[in-house]
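Results of the structural survey
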Amino acid sequence: MASPVDPTLLTEAPTPPRRAGRPAAWLTTVTSGVALLFAAPLGFLVIRNLSRGGDFVRLATSPATLGPLARSLLLGITVTIAAAVIGTLSAWLVVRTDVRGARLWRVLLALPLVIPSFIGAFSLLAAFAPGGLIEGALAPLGVARLPEFRGYAAASFVLTLLTFPYVYLPVAARLDQLSPSLEESARLLGRRPLEVFTSIVLPQIRGAVLAGSLLVFLYTISDFGAVQLLRYDTLTRAIFETRVFDSATSLTLSLQLGLLAILIAASERGITKGPTVSAGPRAVRGLRLELGRWRAVATAVVAATVGLALLAPVAVLTFWSVRGLVRGSGRASAVAADVGQLVAPAVNTAVVSVVSAVVAVIIVLPVAYLTVRRPSRTGGVANAVVVGGFALPGLAIALALTFWTLRTPGPLRGLYQTMSLLVFAYVVHFGAQALRTAQVAVAGIPPRLEDAARSLGAGRMRRLWTLELPLMTPGLLAGAGLVLLSTMKELPATLLLAPAGFETLATRIWVAAEDAFVADASIASLILIALSGVLTWILVIRRSAAL
């Protein structure tokens, strides 16, 4: 499953304080090594597939692979268009109109980010389950049987509701920063509000809309949890189901998915043509459109969006959790009978997330330093490779590492299903989040302080420990926090690479949902959402509001 993206990945990094001279040999060497590590999963997929020659071409063009690819593209395009419309409309309503409760809606509209896709899909299935909320509400109307809610329509519905904040956040930030002078002039000239929006506002927020839409598309085509639970056969579901008995097809599908995702990510800069969020000051006075008789309708639209994307899933999960806790269960392993069983998965989730976050910051820091202080071709390539790891879906990374370790003789074979390999997969997938914040942190160190320390005789390591690290710590902690947040909710890599008997909250929810233990999955989901919600508020929403 894809995870919430760092909003800073939608913006350009500040102009770095470049230093004269060539970078140190050790820094170039370390950076090159980091680039090789991040390139390993995709490199393995390319080499393994190309080594099969004609067999690869046959599989890549067969209905067994083209079918899932077409369904992934259909789902991605549908969800992207819907999320772009909902995200842009929501941002405009709460930022530029007098809709009721705008300040509250601004926060709530971003919170669907805390709900992983597999939890959103599970809550939908639980709502339509026998004895669920919807059946109970419709029973007085004589509705005895509900239609099965699976497949393309269900997947589109769930993913749209959970991904529109990727568009909403950058668009809202961009609207906040637009000067109202052009819009006021257009209105004084007699332009109608819709004409002002299409001719003045939309061209200025186009970059933010496109950048957010590209992230939605990337998230959708790489999603595994929702499409698996809702039984819609996309690339990710086909990869997971063929990984054991048809490794050739699984590797071919993984390469198709990885290349598609990287192509989409690489196209972002060309399509948006530069930064999507200005680094300049906010407008002194935000322009507000008085909706008049449409105010109630606009408020209802925003409330319905929040209700469907946030409140409804939480309500369903709360219903089944309370019901399970009240009724109990005869199963010895039931969470409803003993909530303490979730302590170990929660601790495992926290430990592996913290370790991955710390490792990610340590690994990408040399790359950040080289790209900011000593720009070079090596640094540029390493930066692109690390960002490419974020674009590569977690399932493709996990599958590449699985085949790589199992088919490699010697000590590397013993890495399969170890904590080291699991952490490595997390770092490759989410390291770009730590890299961007590390680059900003390095760029924030005034060069004159380093020059002053050097003139006083402070060596390289002394300057690092006494001057640079203390100044960079807030930025590095922010990057570590984003990696931690993403790792907590990651699913496919954890399912494939976790050591035997190692459970996280995500895998516990997944197993319970697959076994139709609705109460158990609901209780664990609420705990994960609560933890994710706190971190998202601190690390994503508050930071994006400050852009």
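Rules and cut-offs
- Residues numbered from 1 in each chain as written.
- Predicted model: local features only at pLDDT ≥ 70, side-chain atom pairs only at ≥ 80, totals over all residues.
- Heavy atoms only, no water.
- Helix = DSSP H or I, 4+ residues; strand = E, 2+ residues; numbered from the N terminus.
- Contact = heavy atoms within 4.5 Å.
- Areas by Shrake-Rupley, 256 points an atom, 1.4 Å probe, with all protein chains shown as cover.
- Salt bridge = Lys/Arg side-chain N within 4 Å of Asp/Glu carboxyl O.
- Buried < 20%, exposed > 50% of the residue type's maximum accessible area, 1.4 Å probe, protein only.
- pLDDT = per-residue confidence, 0-100.
- Phe/Tyr/Trp six-rings, centres within 6.5 Å; stacked < 30°, edge-to-face > 60°.
- Lys NZ or Arg CZ within 6 Å of the ring centre and 35° of its normal.
- Patch = residues over 30% accessible without salt bridge, like charges linked within 9 Å, V, L, I, M, F, W, Y side chains within 5 Å.
- Core = buried A, V, L, I, M, F, W, Y, C linked by side-chain atoms within 4.5 Å.
- Polar contact = N/O pair within 3.5 Å; in protein donor to acceptor, adjacent residues only side chain to side chain.
- Axes fitted to C-alpha atoms, helices over the stretch in contact; angles between N-to-C directions.
- Parallel < 35°, antiparallel > 145°, perpendicular 65-115°, else oblique.
- Nonpolar A, V, L, I, M, F, W, Y, C, P; charged D, E, K, R; others polar.
- Left-handed = near helix turned anticlockwise from the far one by under 90°.

Secondary structure assignment for the protein chain yields 23 helices and zero strands. A separation threshold of at least 6 residues defines the contact pool for the protein chain, and within that pool the share at least 24 residues apart is 84%. When the accessible surface of the protein chain is summed, it comes to about 23,200 Å², and 67% of that surface belongs to carbon and sulfur atoms.

A few words on the pattern of salt bridges. Applying the stated rule across the entire model yields five salt bridges. Between Asp233 and Arg237 there is a salt bridge whose closest N-O contact spans 2.2 Å. For Asp233, a relative accessible area of 34% puts it in the partly exposed group. The exposure class assigned to Arg237 is buried, which follows from its relative accessible area of 8%. Across the salt bridge formed by Arg508 and Glu503, the nearest N and O atoms sit 3.3 Å from each other. Arg508 sits in the buried class, given a relative accessible area of 13%. The partly exposed category is assigned to Glu503, whose relative accessible area is 29%.

One non-glycine residue, Arg231, lies in the positive phi region at around 60°. Along the chain, Arg231 falls in the loop between α11 (225-229) and α12 (235-242). Non-glycine residue Gln417 carries a positive phi angle of around 55°. For Gln417, the location among the structural elements is in the loop between α17 (394-406) and α18 (419-443). When its relative accessible area of 32% is taken as the criterion, Gln417 is described as partly exposed.

Of all 10 residues making up helix α22 (residues 505-514), eight are buried, and the element is well covered by its neighbours. Downstream of α22 by one or two residues, Ala516 has phi in the positive range, about 65°.

Moving on to the confidence of the model for the protein chain. Interpretation of the predicted coordinates at a detailed level should be avoided for regions scoring low in pLDDT. Per-residue confidence for the protein chain gives a mean pLDDT of 80; residues scoring 70 or more make up 79%. At the level of individual helices and strands, the protein chain shows its lowest average pLDDT in helix α19 (residues 447-455), which scores 65, and its highest in helix α7 (residues 151-163), which scores 93. The model gives residues 4-16 a pLDDT under 50, and that stretch makes 42 contacts with residues more than four places away or in other chains. Segment residues 274-284: pLDDT under 50, and 29 contacts once partners within four positions in sequence are set aside and those in other chains are kept.

In this section: the packing of aromatic side chains. Evaluation of the coordinates by the stated rule reveals five aromatic pairs. Their ring planes at 80° and their centres at 5.5 Å tell us that Phe319 and Trp320 sit as a pair that is edge-to-face. Overall, the relative accessible area of 27% leaves Phe319 in the partly exposed class. Here a set of aromatic residues connected by ring pairs shows up, and it is made of Phe224, Phe240 and Trp510. The positively charged end of Arg243 is found above the aromatic ring belonging to Phe240, 3.9 Å away from the centroid.

Judged by side-chain polarity, Leu89, Trp294, Val297 and Val301 come together as a nonpolar surface patch covering roughly 370 Å² of accessible area. Relative to the helices and strands, Val301 is located in helix α14 (residues 295-327).

Take the nonpolar core next. Formed by 157 residues in total, the largest nonpolar core has its most connected members in Phe118, Tyr168 and Leu175. At 16 residues, the largest contribution of residues to this core is made by α18.

Here we take up the environment of Thr220. Relative to the helices and strands, Thr220 resides in helix α10 (residues 193-222). A residue is classified by how much of its surface remains accessible, and Thr220, at 2% relative accessible area, is buried. It is 9.5 Å that separates the C-alpha atoms of Thr220 and Ala155, two residues lying 65 residues apart in sequence. Apart from residues lying up to four places away in sequence, Thr220 is in contact with Leu75, Gly76, Val79 and Leu159.

Attention shifts here to the side chain of Ser525. Assignment of secondary structure puts Ser525 in helix α23 (residues 518-545). Owing to a relative accessible area of 0%, Ser525 belongs among the buried residues under this scheme. Of the polar contacts made by the side chain of Ser525, one reaches the backbone oxygen of Ala521; its length is 2.6 Å. Sequence-distant contacts of Ser525, defined by excluding residues within four places in its chain, comprise Ile119, Phe122, Leu317 and Ile509.

The next thing to look at is the packing of α7 against helix α8 (residues 165-177). Interaxial distance between α7 and α8 falls to 6 Å at its minimum, and their mutual angle equals 25°. What the angle tells us is that α7 and α8 run roughly parallel. Across from Leu161, Leu162 and Thr163 in α7, the residues of α8 making contact are Pro165, Tyr166 and Val167. Here the contact of α7 with α8 is composed, by residue class, of five nonpolar, one polar and no charged.

The N-to-C vectors of helix α5 (residues 117-128) and α14 enclose an angle of 60°; their axes lie 9 Å apart at closest approach. Considering their axes alone, α5 and α14 lie oblique with respect to each other. Where α5 crosses over α14, the handedness of that crossing is left-handed. Counted together, Ile119, Phe122, Ser123, Ala126 and Ala127 of α5 and Pro313, Val316, Leu317 and Trp320 of α14 form the full contact between these two elements. Looking at the contact of α5 with α14, its residues break down into eight nonpolar, one polar and no charged.

Note that Leu37 resides in helix α1 (residues 25-50). Through-space distance from the C-alpha of Leu37 to that of Phe424 is 9.0 Å; in sequence the pair is 387 residues apart. When sequence neighbours within four positions are dropped, the list of residues in contact with Leu37 reads Phe424 and Val428.

Relative to the helices and strands, Gln256 resides in helix α13 (residues 247-272). On the basis of relative accessible area, Gln256 is assigned to the buried category, the value being 16%. Excluding residues within four positions of it along the chain, Gln256 makes contact with Ala60, Thr65, Leu69 and Leu235.

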